[in-house]
Amino acid sequence: GSAAGFTMTVPPGWQTTQRGAGTAFTSPAGDVSILVTPAAAGAGRVTAPGQLYRQLGRVLQEGRFPGYAAIGTRPFTFQGGAGVAWQFTWQSASGARMEVLEIAFRITTPAGRHAYLVRESAPAAAWAASQPVFRQALRTFRARS
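Quantities reported herein were computed from a predicted structural model and do not represent experimental measurements.

Q: Go over the packing of aromatic side chains, please, and point to the residues and values.
A: Using the criterion set out here, one finds 13 aromatic pairs in the structure. Seen in terms of ring centroids, Phe6 and Phe141 are 5.3 Å apart; in terms of plane orientation they differ by 10 degrees. Their pairing is stacked. Here Phe141 lies in the loop between helix H2 (127-139) and strand S10 (142-143) and Phe6 lies in strand S2 (residues 6-7), a separation of 135 residues in the sequence. On the accessibility criterion, Phe6 (1% relative accessible area) is buried. Taking relative accessible area as the criterion, Phe141 reaches 0% and is therefore assigned buried. When the centroid spacing of 5.6 Å and the interplanar angle of 90 degrees are considered together, the rings of Phe105 and Phe141 count as edge-to-face. One end of the pair, Phe105, is in strand S8 (residues 97-109); the other, Phe141, is in the loop between H2 and S10, and 36 residues separate them in sequence. We note that Phe105, like Phe141, is buried. Here the aromatic residues Phe6, Phe25, Phe76, Phe78, Phe105, Tyr116 and Phe141 are joined through ring pairs into a cluster of three or more.

Dropping the structure here:
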């Protein structure tokens, strides 16, 4: 998949759509997705973890994740840059329990430092099976300078 500011590999047949400032990559069945959102330009001094907590706080206040249950947070190192990962589950309208991993990280490119938020989402029942796709996407993520 390719979008404004970055490229990454997703399985054949996945759809790519713009979602606000972010780019969503969605499985053919529509239940597994990866959403990549560049952090606001000019916010280079703001730490990615702080941005993540603020963004998630807003999302939860807006009630976009009914039945939210935190699994936990942990440090996350990405291409040598520090970040944070926040994992949780929620109840979708279809009745499926969804599992989500929000990852915030900053990387240095020839054009400077860029922060990104990556949301990996899948039905909890398919979470383990989705990990190879998520790992491949992150492993092949490249910021475009």
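The discussion continues.
Q: Mind laying out the sheet that holds strand S7 (residues 81-91), listing which residues take part and the relevant values?
A: The 7 strands lie next to each other as S3-S4-S5-S9-S8-S7-S6, forming an open sheet whose pairing is antiparallel. At either end of the open sheet lies a strand with only one pairing partner, and these are strand S3 (15-19) and strand S6 (69-78). Taking the axes of each pair of neighbouring strands and ignoring which way they run, one obtains an average angle of 20 degrees across the sheet. Contacts from H2 reach strand S5 (33-38), S6, S7, S8 and strand S9 (112-123) within the one sheet, and its direction differs from that of S9 by about 160 degrees.

Q: Give a detailed account of the nonpolar core, specifying residues and quantitative values.
A: In this structure, Met8, Ile34, Val36, Ile103, Phe105 and Phe141 are the most contacted members of the largest nonpolar core, which totals 23 residues. Taken together, the elements giving at least two residues each to this core come down to S5, S6, S8, S9 and H2. Not counting residues up to four positions away in its chain, the partners in contact with Phe141 are Phe6, Thr7, Met8, Val36, Phe78, Gln79, Phe105, Ile107 and Tyr116.

Parameters at a glance
Residues numbered from 1 in each chain as written. Predicted model: local features only at pLDDT ≥ 70, side-chain atom pairs only at ≥ 80, totals over all residues. Heavy atoms only, no water. Phe/Tyr/Trp six-rings, centres within 6.5 Å; stacked < 30°, edge-to-face > 60°. Helix = DSSP H or I, 4+ residues; strand = E, 2+ residues; numbered from the N terminus. Buried < 20%, exposed > 50% of the residue type's maximum accessible area, 1.4 Å probe, protein only. Pairing = 2+ DSSP bridges. Axes fitted to C-alpha atoms, helices over the stretch in contact; angles between N-to-C directions. Contact = heavy atoms within 4.5 Å. Core = buried A, V, L, I, M, F, W, Y, C linked by side-chain atoms within 4.5 Å.

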